[in-house]
Amino acid sequence: MDAEDLELFRASLRQATASVTGEALDRELDELGWRDALAVDRRAAVSTLFELQGRANVTSSALDAVLASVLGVDAAVVLPRLGSCDPPAEVIGESVAVTGLATAALPRDQQAVAVAKDVVLLIGTDELTLRPVDGLDPTLGLVAVSGDGLRATSESKSAAWPVAVAAGQVALAHEIAGASRTMLQLARDHAVARMQFGRPIAAFQAVRHRLADSLVAIEAADAAIGGAWDDGSSFTAAMAKAVAGRSARTVARHCQQVLAGIGFTTEHPFHHYLRRVLVLDGLLGDARTLTTQLGQDLLGRRDLPAPLPL
């Protein structure tokens, strides 16, 4: 996309994410041709939508579309358990066992995609046990998926799972960064409006330092995400996801301190974004697990990756 088309595309998506969520947002995305944009300009489509989703705290089946497009299928995709990147399915003899998570789109599909090592399986949704996850962030709409002794309706060899995971990690990193920016905006607005000792608390050095540290953390995540797009490897995708997750926790901690008591109330929107980033951090590998895996990989190879061009 050229600059003019990208700005129009972003404005349309911003309006959609500001007004609807869930299945209604999926319909809006279809009308706007987001899936077509994903096929034509993946970076623009993913970075724009997922950042706006994070900023607005809304949900869609876009993550399924990102993963499915890499796997070469057209159905909702079963995700690994929180904190894991491993394939959620296992072939045992002639049957299949599945344990994982899914977005709210999976119960609406007749078939689900479950990957087992180098095999992509299509399984009838009615064969799976689905349970809504009413945990830290029930508005995200995650579903626990399980099943034993299943029969796949279709099976194909594929080595695309690591590539699909990398694509999903970059998309989630954008969403986490977008949510982090809104947390910072909420804290900044509060600091400007909240008066103490006759002046806004934004004038106090301690508050300014917390807001500045939050901005630095977000910019670090954005830089890592940009590097992942430029490099295109699974290593930098995992690194971007890890940096985004860790940065979000830094932003949440500082912004909670700036918001003080109001930040602990359910009336203030801050807790929605805090809950969202904590859960998103766990999807397709959390920051701590990914950092450990990346370190072990480097120690095993005894070779540092080439530096990214700045």
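The structure this text deals with has already been given above.
The structure displayed is predicted, hence computed values, not measured ones.

Draft legend 1. Structural context of unusual backbone geometry. Notably, alanine 260 is not glycine yet its phi reads approximately 55°, a positive angle. On the secondary structure map, alanine 260 appears in the loop between helix H8 (234-259) and helix H9 (270-282). Residue alanine 260 is classed as partly exposed on the basis of its relative accessible area of 38%. With a phi close to 50°, arginine 302 is a non-glycine residue in the positive phi region. Turning to its location among the elements, arginine 302 is positioned in the segment after helix H10 (287-301).

Draft legend 2. Main features of the sheet that holds strand E2 (residues 89-92). The antiparallel open sheet is built from four strands, whose spatial order is E2-E3-E7-E6. Looking at the sheet topology across the chains shown, the edges are occupied by E2 and strand E6 (129-132). Strand-to-strand, the axes of this sheet are offset by a mean angle of 10°, without reference to chain direction. Sheet topology places strand E3 (residues 95-102) next to strand E7 (residues 143-150); six bridges connect them, and they run antiparallel. In the strand pairing of E7, threonine 99 is matched with serine 146.

Draft legend 3. Structural view of helix H4 (residues 42-56). Helix length check: H4, at 15 residues, gives a terminal C-alpha distance of 21 Å against a target of 21 Å (1.5 Å per residue), a fit within 8%. Where burial is concerned, most of H4 is hidden: 11 out of the 15 residues are buried. Residues Ala44, Ala45, Val46, Ser47, Thr48, Leu49, Phe50, Glu51, Leu52, Gln53 and Gly54 constitute the buried set of H4.

Draft legend 4. View of the sheet that holds strand E1 (residues 76-77). Spatially, four strands are ordered E1-E4-E5-E8 in an open sheet, and the strand pairing comes out mixed. Looking along the sheet, the strands with just one partner apiece sit at the ends: E1 and strand E8 (154-157). Both E1 and strand E4 (residues 111-116) contribute to a ladder of two bridges, which runs parallel. If you follow valine 77 over to E4, its bridge partner there is valine 113.

Draft legend 5. Layout of the nonpolar core. Ranked by size, the top nonpolar core spans 83 residues in total, and within it Trp34, Phe50, Leu71, Val113 and Met183 carry the most contacts. For this core, the element with the highest residue contribution is helix H6 (residues 161-193), accounting for 17 residues. Core analysis: the second largest hydrophobic core is formed by 16 residues, Val96, Leu106, Ile123 and Leu128 among them.

Draft legend 6. Region of the structure containing the packing of helix H7 (residues 205-231) against H8. At a minimum axis distance of 8 Å, the contact between H7 and H8 shows a crossing angle of 165°. As far as their axial angle goes, H8 and H7 are roughly antiparallel. Considering how the two elements wind past one another, H7 and H8 form a crossing that is left-handed. Looking at side-chain class alone, the contact of H7 with H8 contains 16 nonpolar, seven polar and three charged residues.

Draft legend 7. How the structure looks around the environment of leucine 140. Examined against the element boundaries, leucine 140 turns out to sit in the loop between E6 and E7. A C-alpha to C-alpha distance of 21 Å links leucine 140 and glutamine 185, two positions 45 residues apart in sequence. The contact partners of leucine 140, leaving out residues within four places of it in the chain, are Thr59, Arg276, Val279 and Leu280.

Draft legend 8. Spotlight on the environment of aspartate 231. When you line up the elements, aspartate 231 lands in helix H7. A sequence separation of 75 residues divides aspartate 231 from alanine 306, and the C-alpha atoms of the two residues are 9.8 Å apart. Those residues in contact with aspartate 231 that sit more than four places away from it in its chain are Thr236 and Leu308.

Draft legend 9. Expanded view of the packing of H4 against helix H5 (residues 62-71). Relative orientation of the contacting elements H4 and H5 amounts to 155°, with a least axis distance of 11 Å. The pairing of H4 with H5 is recorded here as roughly antiparallel in orientation. Every pair of crossing elements has a handedness; the one defined by H4 and H5 is left-handed. Contacts between H4 and H5 pair Arg42, Val46, Leu49, Phe50 and Gln53 from the former with Ala62, Leu63, Val66, Ser69 and Val70 from the latter. Residue classes in the contact of H4 with H5 are distributed as seven nonpolar, two polar and one charged.

Criteria and cut-off values
Going along each chain's sequence as written, the residues are numbered from 1 onward. With the structure being a predicted model, the display of local features is reserved for residues of pLDDT at least 70 and the display and counting of side-chain atom pairs for 80 or more, all residues being used for whole-chain, interface and lining totals. Side-chain metrics in this entry use all non-hydrogen atoms of the structure; hydrogen atoms and water are not considered. By the criteria applied, helices consist of DSSP H or I runs no shorter than four residues and strands consist of E runs no shorter than two, each listed in order from the N terminus. Whether a residue is buried, partly exposed or exposed follows from its accessible area with a 1.4 Å probe, protein chains only, as a fraction of its type maximum: under 20%, in between, or over 50%, in that order. When DSSP locates at least two bridges between a pair of strands, those strands are taken to pair. Axis geometry follows a simple rule: fit a line to the C-alpha atoms, using only the stretch in contact for helices, then measure angles between N-to-C directions, giving values from 0 to 180 degrees. Between the first and last residue of a helix there are one fewer steps than residues, each counted as 1.5 Å, and that sum is the expected span. Here, the term nonpolar core denotes a set of buried Ala, Val, Leu, Ile, Met, Phe, Trp, Tyr and Cys residues that are joined through side-chain atoms within 4.5 Å. Convention used here: angles under 35 degrees read as roughly parallel, angles over 145 as roughly antiparallel, angles from 65 to 115 as roughly perpendicular, and any remaining angle as oblique. Crossings are sorted by hand: turned counterclockwise from the far helix by less than a right angle, the near helix makes the crossing left-handed, and turned clockwise it makes it right-handed. We call Asp, Glu, Lys and Arg charged. Ala, Val, Leu, Ile, Met, Phe, Trp, Tyr, Cys and Pro are nonpolar, and the rest, Gly among them, are polar. In this analysis, two residues are considered to be in contact whenever any of their non-hydrogen atoms come within 4.5 Å of each other.

Purely spatial values, then, with no claim about function.
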